[in-house]
Amino acid sequence: MAIDPAKSLKELETPIIELEKRLNDLLEFSKRTGVNLDDKIRQLEDEIKFVVRGIYSKLTPWQRVQLARHPNRPETTDYIRLIFDDFIELKGDRYFADDPACACGLAKIGDLKLFLIGQRKGSTMEARLKYNFGSMHPEGYRKALRKMEIAEKFGLPVISFVNTPGAYPGIGAEERGQAWAIAENIFEMSDIKIPHLSIIIGEGGSGGALGICVADKLSILENAYLSVISPEGCAAILWKDSSKADLAANMLKLVPEELRKLGIIDDIIQEPAGGAHRNPSKMGEILKNYIVSTIKHLQSIPLDKLLERRWEKYRNIGKFIEEESAVAGLY
Amino acid sequence: MGSTKNDQQVHQAWFKCEKCGNIIYYREFKEVLDICQSCSYHYPLTPQRWIDCIFDEDSFEELDRQIASVDILGFAEQINYSNKLRELRSKFEQNDAIITGTVELDSQTAYVGITDSRFLMGSMGSVVGEKISRIFEYAHDAGCPVITITTSGGGARMHEGAISLMQMVKTSQAVRKYRSNGGLYISILANPTMAGVMASFAALGDIIIAEPKALIGFTGPRVIEQTIKQSLPPGFQTSEFMLQHGFVDMIVERKGMRSMLTKLVDYLWL
Ligand SMILES: [Zn+2]
């Protein structure tokens, strides 16, 4: 099936939603009347699987950005419930406020004790407003840092979930030093003496993401992205037309496979067919296994080596040439 | 941008201030370090001019001049990033939006990095990230202070995608290593210093100095206005605003910069 790149994700998903509705109707009818429709039901289930695979395996970068922002996509709040056996939230930056856009706390998977930092988007409109759609204020970054230092002191590995359109753009955020808060987090995280695994679960919006994700391993879900600027913002700057976001999304090379080629992303974590929102509990299970094995691996590396590797990774990101002839456009 | 005008007007005896409309005599203007005497607007300086204004005469020695960007993402097809780079390189005879090197400040050697707002709004891609990281490494080895002067409205350079974003980490960790080994880093924020540059090395000075009335912050004022759907208070995101909120140590006028830097280095380093 050819995918129309101009189609929004919502349009693409419409046939699936219709098929699923038909399936539900059949199931209900069969249950209510006692008529055996098993063959028909199985046939329809296969058809849905086929359509889902066809659509989601060929998404354009822009469609994947939309998938990363899908309103039903599981987010930190869901993963706290799906992945961890226990979570004790620790609030407040001790200076100004508690920023609910970022959840911090003690978390457990079986015997494995962790420190969780997660950007929260919320799943209802009320929650989304409360969490500013995942956009953190300076107090959020300062809280995250303060709590990471607790993790460092008491030897808990840090797991962070990145999911933000960007740091909050507002008057208060600037008054309280948004740039300084992000810079200081990057500065400290680059040398924090504990293993840190960071996973981009949806949107990795620029400096807003960077403020919590300087880690030993930076991994990403299959349908998540990391970008220096939103595709709409980039299109608005380049062509004064934010509707050209699909073009910008292609250019920015923001999808996981491209990011891995650039040496920025370490692992890409596969999602259930059709994306995390089609099977959140399966996604939670995949993440749980990934977190446990990866944290155990990071814990097995001596700390000085871990810090050296973290430093080396970021020291080596960048592409340039070094030749005199490049000066003044001579090459 | 105001800075390019200055160069074009070299042969003109006078011009009108772009902020207040006052008549400015070019020779006087240069003598007072590109500041309008009527409204005290500090015109942006090129890196070379910064060096001339602040440091010991003829003391500058450029480093890593040969490092140049490449079109990592193949932006070429859409907006011709390679052509743009080539054009800017020949126009300004430098490879990217930064000049680094060593200077003498009252005979004390320091490493400097100065971004150039004429070059893609002084934005940080691979070259700025690498050259900034290197001066901290050199300064560590040589046991010298580091001074950066930023005029970067562009933040992290979008033409190099997430690679630019990672330069924020690369430069910040370079500052960390340098400072935690006892290095002195003074960051001077000139007009404008925003976004990815402000949210990385520029914010991490032991001492942070701002020029008067510079635009300083994270998110650009237009984006904030669009988001909150109200106009911003007067003076928002200026140096004076940041001083009031506790994010810079002092505001220093251009003509006092040399003597202030000399004093700071004397107190903290000598
Ligand atoms: Zn004036």
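As the structure is a computational prediction, the values presented were derived from the model and not from experiment. Along each chain, residue indices are assigned from 1 in the same order as the chain's sequence is written. Chains carry letters from A onward and ligands carry numbers from 1 onward, assigned in written order. Side-chain atom pairs in this predicted model are given and counted only at pLDDT of 80 or more, local residue features only at pLDDT of at least 70, and totals for whole chains, interfaces and linings cover all residues. To get the side-chain values, all heavy atoms of the structure are used, and hydrogens and water are removed first.

What to know about the coordination of the zinc ion
Residues and elements named next belong to chain B. In this listing, donors mean N, O and S atoms no farther than 2.8 Å from the metal, or 3.2 Å for Na, K and Ca; water is missing from the atoms, so a site can look incomplete. Distances from the zinc ion to its protein donors, Cys 17 (SG), Cys 20 (SG), Cys 36 (SG) and Cys 39 (SG), fall within 2.2 to 2.4 Å. Here a site with four donors is tetrahedral if all angles are between 85 and 135 degrees, and a site with four or six donors is square planar or octahedral if opposite donors are over 155 degrees apart and the other angles are between 65 and 115; anything else gets the irregular label. The site at the zinc ion holds 4 donor atoms, and with the angles between them running 106 to 118 degrees, its shape is tetrahedral. Positions of the donor residues of the zinc ion along the chain correspond to the pattern C-x2-C-x15-C-x2-C. Of this pair, Cys 17 sits in the loop between strand S1 (14–16) and strand S2 (23–25) while Cys 36 sits in the loop between helix H2 (26–31) and helix H3 (47–54); the two residues are 19 residues apart in sequence, bridging distant segments of the chain. Residue exposure (1.4 Å probe, protein chains only): buried if accessible area is under 20% of the type maximum, exposed if over 50%, otherwise partly exposed. The exposure class assigned to Cys 17 is buried, which follows from its relative accessible area of 4%. Secondary structure counts use DSSP, requiring at least four H or I residues in a row for a helix and at least two E residues in a row for a strand, with both numbered from the N terminus.

Here we look at a nonpolar patch on the surface
All names here are of chain A. A surface patch of nonpolar side chains, amounting to about 310 Å² of accessible area, comprises Met 125, Leu 129 and Phe 133. Assignment of secondary structure puts Leu 129 in helix H5 (residues 125–130). Of the residues examined, Leu 129 reaches a relative accessible area of 53% and is grouped as exposed. Nonpolar side chains (Val, Leu, Ile, Met, Phe, Trp, Tyr) are joined into patches within 5 Å and like charges within 9 Å, using only residues with over 30% relative accessible area and no salt bridge. Reported accessibility uses the Shrake-Rupley method at a 1.4 Å probe radius. Residues are deemed covered only where the shown protein chains occlude them. Should a side-chain nitrogen of Lys or Arg be within 4 Å of a carboxyl oxygen of Asp or Glu, the pair is scored as a salt bridge.

Some thoughts on the domain arrangement of chain B
All names here are of chain B. Note that the domain bounds reflect an automated or database-derived domain assignment. Domain parsing of chain B yields domain 1 (1–6 + 13–43) and domain 2 (45–268). Taking only C-alpha atoms into account, the centre of domain 1 sits 23 Å from that of domain 2. Taken together, the 12 residues of domain 1 in the interface contact 12 residues of domain 2. Between domain 1 and domain 2, the buried area comes to about 1,100 Å², and carbon and sulfur atoms account for 55% of it. For the interface between domain 1 and domain 2, the tally reads 1 salt bridge. Asp 34 is the partner of Arg 49 in a salt bridge, and the nearest nitrogen-oxygen pair spans 2.9 Å. A 3.5 Å cut-off defines polar contacts: any pair of N or O atoms within that distance qualifies, except that in protein one atom must be a possible hydrogen donor and the other a possible acceptor, and neighbouring residues in sequence count only when both atoms are side-chain atoms. The interface formed by domain 1 and domain 2 contains 8 residue pairs in polar contact (both at pLDDT 80 or more). Three classes are used: nonpolar for Ala, Val, Leu, Ile, Met, Phe, Trp, Tyr, Cys and Pro, charged for Asp, Glu, Lys and Arg, and polar for all others, with Gly counted as polar. Looking at the side of domain 1 that touches domain 2 residue by residue, the class counts come to 6 nonpolar, 4 polar and 2 charged. We call two residues in contact when some of their heavy atoms are within 4.5 Å. In short, buried area is how much 1.4 Å probe accessible area vanishes from two parts on joining, totalled over both.

Observations concerning the pairing of strand S5 (residues 196–205) of chain A
Residue and element names in this part refer to chain A. In terms of residue burial, S5 counts as a mostly covered element, since 10 of its 10 residues are buried. Sheet analysis places strand S4 (residues 158–164) next to S5, joined by 6 bridges and oriented parallel. Bridge pairing links Phe 161 to Ile 199 in S5. When DSSP finds at least two bridges between two strands, those strands are taken to pair. Across 3 bridges, the pairing between S5 and strand S7 (residues 225–227) is parallel. Its bridge partner being in S7, Gly 205 is matched across the sheet by Ser 227.

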